[in-house]
Amino acid sequence: MKKLIVGNWKMFTTTAEAELLVERVDAKVLPTHGSEVVFCPPATALENVKAKLNTLKHKQSYSLGIQNIYDQDEGPFTGEISAAQVKDLVNYAIVGHSERRRIFAERDTEIAKKVAACLRHNITPILCVGETLAEREAGHSKRVVVDQLTVDLGYMTAQELENIVIAYEPVWAIGTGNFAKPDDVREMIGVIRGHIEELYGEIHGAHVRVLYGGSVEPENARSYTRIAGCDGLLVGGASINYIKFSEIINLSHR
Ligand code: PGA
C-alpha cells in the first residue's frame, strides 16, 4: 500500500504563500517517491491550492484536506465550515486534532459527529487520537487511546472503515521536538489495530490506515514509515518547510 504523507499547515501561510509552497514541494519531489501526499492548507487557501495542484508535475500523487469541519451540514453556526460545503474541494479532513481538543475544548462526542459528517459527504476523516504527557506518565496511554476510539468511531459501520485514517499523535510529541520512540509508536499502532479488531473484526483491524504524527522531521521519518503497520505520517511544522517536507516525502516510500 502507498504511504500517506499528510501536511497539516495549521494557521500558517497566506494564499500566495500557500500556492508557492506546493509549487516548491513539487519541484523537489522525486518522480519515484511512491506516496500519496495530502496538503492541508488553511481553509482560506483551499480553492487556490487546488487549482495550483492541478498544474503541478506530480499532481497524480496529491490530494487536498481541510484541517477541521463542523458536524452539521448547514445552519446558524457562525464561523463554521461544513463537510457539505467542501465536499467538492477536498478528499480528506483532519478531525479531533489535539489542538482542537485542547484549545477549542472539542469532546469525543462532537468528534464522533464530525467523523460521521465527513463520511456522509465522501470525505475521508483523518481522526487524531493520543495521550497527554500526564496520561503517559501515569501509564494510561493505551486506555486513553482506546476510549477516544470507542467514542469517536461510535457512528461508523465496518464498511466505512476503509474510508477512514487514524493518526496516532501523542500530545506531548506535537510541536515539541520530543518525537515518540519508534518502539512506542509500534506498540500504540498495535493497540489501535487491536481495538478496531475488537470493535469491527480482524480483517478491519488489519486494513484500516494508521499514521504517526508528532515532531516528524526528515531525520526521523523513516524510523516510523518502516514500522510494519505504520501507513504514513501526519506532519505539522516540517510540512510548511518545502525542503523538509519534500525530503520526508522522498524518504517515505518503501
Ligand atoms: P508537528 O505537528 O509535526 O509540528 O509536531 C504535528 C501535528 O500537529 O499534526
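How each quantity is defined
- Residues numbered from 1 in each chain as written.
- Predicted model: local features only at pLDDT ≥ 70, side-chain atom pairs only at ≥ 80, totals over all residues.
- Heavy atoms only, no water.
- Near = heavy atom within 4 Å.
- Polar contact = N/O pair within 3.5 Å; in protein donor to acceptor, adjacent residues only side chain to side chain.
- Areas by Shrake-Rupley, 256 points an atom, 1.4 Å probe, with all protein chains shown as cover.
- 1 Å grid on protein atoms, 1.4 Å probe; cavity = no way out; pocket = protein on both sides within 12 Å on 5 of 7 lines; lining within 4 Å.
- Sits in = over half its atoms within 2 Å of the grid points.
- Nonpolar A, V, L, I, M, F, W, Y, C, P; charged D, E, K, R; others polar.
- Helix = DSSP H or I, 4+ residues; strand = E, 2+ residues; numbered from the N terminus.
- Buried < 20%, exposed > 50% of the residue type's maximum accessible area, 1.4 Å probe, protein only.
- Phe/Tyr/Trp six-rings, centres within 6.5 Å; stacked < 30°, edge-to-face > 60°.
- Lys NZ or Arg CZ within 6 Å of the ring centre and 35° of its normal.
- Contact = heavy atoms within 4.5 Å.
- Core = buried A, V, L, I, M, F, W, Y, C linked by side-chain atoms within 4.5 Å.
- Axes fitted to C-alpha atoms, helices over the stretch in contact; angles between N-to-C directions.
- Parallel < 35°, antiparallel > 145°, perpendicular 65-115°, else oblique.
- Left-handed = near helix turned anticlockwise from the far one by under 90°.

Draft legend 1. Fine view of the site of the ligand. The local shell around the ligand holds 14 residues, among which Lys-10, His-97, Glu-169, Gly-175 and Ser-215 are the closest. With respect to the ligand, the side chain of Lys-10 contributes an N or O atom lying 2.7 Å from an oxygen atom. Within the side chain of His-97, a nitrogen or oxygen atom sits 2.6 Å from an oxygen atom of the ligand. Burial of the ligand by the protein chains amounts to 95% of its free accessible area of 280 Å². Placement of the ligand is best described as lying within the second largest pocket. Residue composition of the shell around the ligand, by class: five nonpolar, seven polar and two charged.

Draft legend 2. The arrangement of the environment of Glu-74 in detail. When you line up the elements, Glu-74 lands in the loop between β3 (62–66) and α3 (83–86). With a relative accessible area of 70%, Glu-74 lands in the exposed category.

Draft legend 3. Representation of the packing of aromatic side chains in the model. Enumeration over the complete set of coordinates arrives at six aromatic pairs. Centroid distance Tyr-70 to Phe-77: 4.8 Å. Interplanar angle 45 degrees. Geometry classified as tilted. A relative accessible area of 31% means that Phe-77 is categorised as partly exposed. Clustering of aromatic rings is evident, with ring pairs tying together Trp-9, Phe-39, Tyr-62 and Phe-245. One residue, Arg-100, lies across the ring of Phe-104, its end atom 4.1 Å from the ring centre.

Draft legend 4. Molecular detail of the environment of Leu-149. When you line up the elements, Leu-149 lands in helix α7 (residues 141–152). Given a relative accessible area of 0%, Leu-149 falls into the buried group. Between the alpha carbons of Leu-149 and His-195 there is a distance of 8.1 Å; along the sequence they are 46 residues apart. In this structure, Leu-149 is in contact with Leu-127, Val-129, Ile-166, Ile-192 and His-195, ignoring residues within four places of it in sequence.

Draft legend 5. Structural context of the nonpolar core. Judged by nonpolar contacts, the single largest core of 65 residues is most densely connected at Phe-39, Ile-192, Tyr-212 and Leu-233. It is helix α8 (residues 182–200) that provides the largest number of residues to this core, a total of seven residues. Tyr-212 has contacts with Tyr-168, Pro-170, Ala-173, Phe-179, Ala-180, Val-185, Tyr-224, Cys-230, Gly-232, Leu-233 and Leu-234, leaving out every residue within four places of it along the chain. Val-38, Ile-94, Ile-126 and Leu-234 belong to the second largest nonpolar core, which has 12 residues in total.

Draft legend 6. Representation of the packing of helix α1 (residues 15–28) against helix α11 (residues 242–251) within the structure. Following both chains from N to C, one finds α1 and α11 inclined at 45 degrees, their axes separated by 9 Å at the closest point. One way to sum up the angle between α1 and α11 is to call them oblique. Along this stretch, α1 crosses α11, giving a crossing that reads as right-handed. Taking contact as the criterion, the partners of Leu-21, Arg-24, Val-25 and Lys-28 in α1 are, on α11, Tyr-242, Ile-243, Phe-245, Ser-246, Ile-249 and Asn-250.

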